Amino acid sequence: MRILIFFIILIAGIVLIPDGLISHLVSVSGDGETAMDKYDFTLLLIKAAISAIIALAVLQIVRRAR
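What counts as what
Going along each chain's sequence as written, the residues are numbered from 1 onward. Where totals are concerned, whole chains, interfaces and linings use all residues; where local detail is concerned, this predicted model gives features only for residues with pLDDT of at least 70, and gives and counts side-chain atom pairs only at 80 or more. To get the side-chain values, all heavy atoms of the structure are used, and hydrogens and water are removed first. Nonpolar core, defined: a set of buried Ala, Val, Leu, Ile, Met, Phe, Trp, Tyr and Cys residues in which side-chain atoms within 4.5 Å join the residues together. Whether a residue is buried, partly exposed or exposed follows from its accessible area with a 1.4 Å probe, protein chains only, as a fraction of its type maximum: under 20%, in between, or over 50%, in that order. Elements are defined by DSSP. Helices are runs of H or I of four residues or more, strands are runs of E of two residues or more, and each kind is numbered from the N terminus. A contact between two residues is defined here by any heavy atoms of the two lying within 4.5 Å. What makes a patch is a set of residues exposed beyond 30% relative accessible area and free of salt bridges, joined within 9 Å when like-charged and within 5 Å when nonpolar (Val, Leu, Ile, Met, Phe, Trp, Tyr). Residue burial considers only the protein chains on display, and all accessible areas are found by Shrake-Rupley using a 1.4 Å probe. The term salt bridge refers to a pairing of a side-chain nitrogen on Lys or Arg with a carboxyl oxygen on Asp or Glu at a separation within 4 Å. For the purpose of counting charges, residues Lys and Arg are taken to be positive, whereas Asp and Glu are taken to be negative. His and the chain ends are not included. Here the site of a charge means NZ on Lys, CZ on Arg, CG on Asp, or CD on Glu. Ring pairs are drawn from Phe, Tyr and Trp, using the six-membered ring of Trp, whenever the two centres fall within 6.5 Å, and their geometry is named by plane angle: stacked under 30 degrees, edge-to-face over 60, tilted for the rest. We define a polar contact as two N or O atoms separated by no more than 3.5 Å, with the added condition that, inside protein, one atom must be a possible hydrogen donor and the other a possible acceptor, whereas residues neighbouring each other in sequence contribute only through side-chain atom pairs.

1. A look at the nonpolar core
Of all hydrophobic cores here, the largest spans six residues; its members are Phe6, Leu10, Ile14, Ala52, Ala55 and Leu59. Of all the elements in the fold, those that place two or more residues in this core are helix H1 (2-16) and helix H3 (33-65). Residues in contact with Ala55, not counting those within four places in the same chain, are Phe6, Ile9 and Leu10.

2. Thoughts on a positive patch on the surface
Residues Arg2, Arg63, Arg64 and Arg66 make up a contiguous surface patch of positive charge. Mapped onto the elements of the fold, Arg63 is located in helix H3.

3. Examining the side chain of Ser51
Along the chain, Ser51 falls in helix H3. With residues near it in sequence (within four places) discarded, Ser51 still touches Ile9, Leu10, Gly13, Ile14 and Ile17.

4. Considering the packing of aromatic side chains
All told, the structure shown has one aromatic pair when counted by the stated rule. Measuring from ring centre to ring centre gives 5.6 Å for Phe6 and Phe7, while their planes differ by 75°; the resulting arrangement is edge-to-face.

5. Quick look at the environment of Arg66
Among the secondary structure elements, Arg66 is positioned in the segment after H3. Distance in space between the C-alpha atoms of Arg66 and Glu33 is 49 Å, their sequence separation being 33 residues.

6. Some details on the side chain of Lys47
Here Lys47 shows up in helix H3. Within polar-contact distance, the side chain of Lys47 engages the side chain of Asp19 at 2.8 Å. The residues touching Lys47, leaving out its near neighbours within four places in the chain, are Ile14, Ile17, Asp19 and Ile22.

Below you can see the structure in the form of structure tokens.
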């Protein structure tokens, strides 16, 4: 059950965190399509990390509330 909640929060965070919020942190060098691929991948990794931290915090709060 906890794993399901973790993945739901993780996916929701990746989808709901706006790219503009994180884009000022990402600087990628390169040219054209390669740079955009690196940018998109880096942005996805940052959003996944933030979402995972939020999901773990929520799971800890739920665990302590029981």
